[in-house]
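Observations on the three-dimensional arrangement
Residues per chain, in single letters:
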Amino acid sequence: MRILVPAGKRVAVYLAVGGITATNVSADLRLDVNSADVSASGIKGPLIVDAGSGDVRVTDVTGDLKLDTGSGNVEAGRVQGDNMLIDTGSGDVTIDHADGRVLKISTGSGNATATAVKADDVNLDTGSGDVTLVLVAGGGWINVNTGSGDVSLSVPQEYGADVVLDTGSGDIDLGGI
């Protein structure tokens, strides 16, 4: 099925099983699936993806971002928005080139990797998994937590912020800070 959307409208797509691909959409977009992979690229406007199970991949998004999957990996690249919220119950989260005010990543079981990040408030939390954060700009608050896993943190030399790092079982690497 192909759906054409006029710019600036609000669109919601609900799918039980299969897959969704959204490209070059300028709208307030919600993609809600029960068991399916979701891919979105070239999105201008807020994007919400809610997947019961399935992988989520988004690139070139300008607007607030909320990605949620019960079970599945999440990949995001070249995203820009005030609020970037990513949550998975079980699966790895990888985000590259994120630019915004708030970046929050939470995974119950899986690695959380965020590279080339520009954000003022960063919160990375995993119950079981490694956490990697490479911050290239921003300033404010960094909170990194893993119940079981290693933490690797890299920030610009001139960075001034409150930083909280916590691991129940694992190593912490501050990358020469």
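For the structure itself, look to the data block above.
Everything in this summary refers to the structure shown in the same document. (Residues numbered from 1 in each chain as written. Predicted model: local features only at pLDDT ≥ 70, side-chain atom pairs only at ≥ 80, totals over all residues. Heavy atoms only, no water.)

As for the pattern of salt bridges
- On inspection of all chains with the given rule, the structure shows five salt bridges.
- In this structure, D28 and R10 form a salt bridge, with 3.4 Å as the shortest nitrogen-oxygen distance. Of this pair, D28 sits in strand β2 (residues 28–44) while R10 sits in strand β1 (residues 10–23); the two residues are 18 residues apart in sequence, bridging distant segments of the chain.
- A relative accessible area of 27% places D28 in the partly exposed class.
- Residue R10 is classed as exposed on the basis of its relative accessible area, which comes to 72%.
- One salt bridge connects D50 with R30, and the closest N-O pair in it is separated by 3.9 Å. One end of the pair, D50, is in strand β3 (residues 47–53); the other, R30, is in strand β2, with 20 residues separating them in the sequence.
- When its relative accessible area of 26% is taken as the criterion, D50 is described as partly exposed.
- Each member of the salt-bridge network shares a partner with another, and the members are R30, D32 and D50. (Salt bridge = Lys/Arg side-chain N within 4 Å of Asp/Glu carboxyl O. Helix = DSSP H or I, 4+ residues; strand = E, 2+ residues; numbered from the N terminus. Buried < 20%, exposed > 50% of the residue type's maximum accessible area, 1.4 Å probe, protein only.)

Examining the side chain of T69
- Turning to its location among the elements, T69 is positioned in strand β5 (residues 65–71).
- Once you skip the residues sitting within four places of it in the chain, T69 turns out to touch A51, G52, S53, G54, V56, V74, D87, T88 and G89. (Contact = heavy atoms within 4.5 Å.)

So, the environment of L103
- By secondary structure assignment, the location of L103 is in strand β9 (residues 102–109).
- Residue L103 is classed as buried on the basis of its relative accessible area of 0%.
- Along the primary structure L103 and D82 are separated by 21 residues, whereas in three dimensions their C-alpha atoms are 8.5 Å apart.
- Residues within four places of L103 in sequence aside, it is in contact with M84, I95, A114, V117, A119, D121, V122 and N123.

As for the environment of K9
- Within the secondary structure, K9 sits in the segment before β1.
- On the basis of relative accessibility, which here comes to 49%, the residue K9 falls in the partly exposed class.
- For the pair formed by K9 and V25, sequence separation is 16 residues and the distance between their alpha carbons is 9.7 Å.
- If we ignore the near neighbours within four places in the chain, the residues touching K9 are S26, A27 and D28.

Details of the side chain of T59
- Along the polypeptide, T59 turns up in strand β4 (residues 56–62).
- Look at T59 and you get buried, because its relative accessible area is 13%.
- If we skip the residues at most four places from it in the chain, T59 touches A40, S41, G42, G77 and R78.

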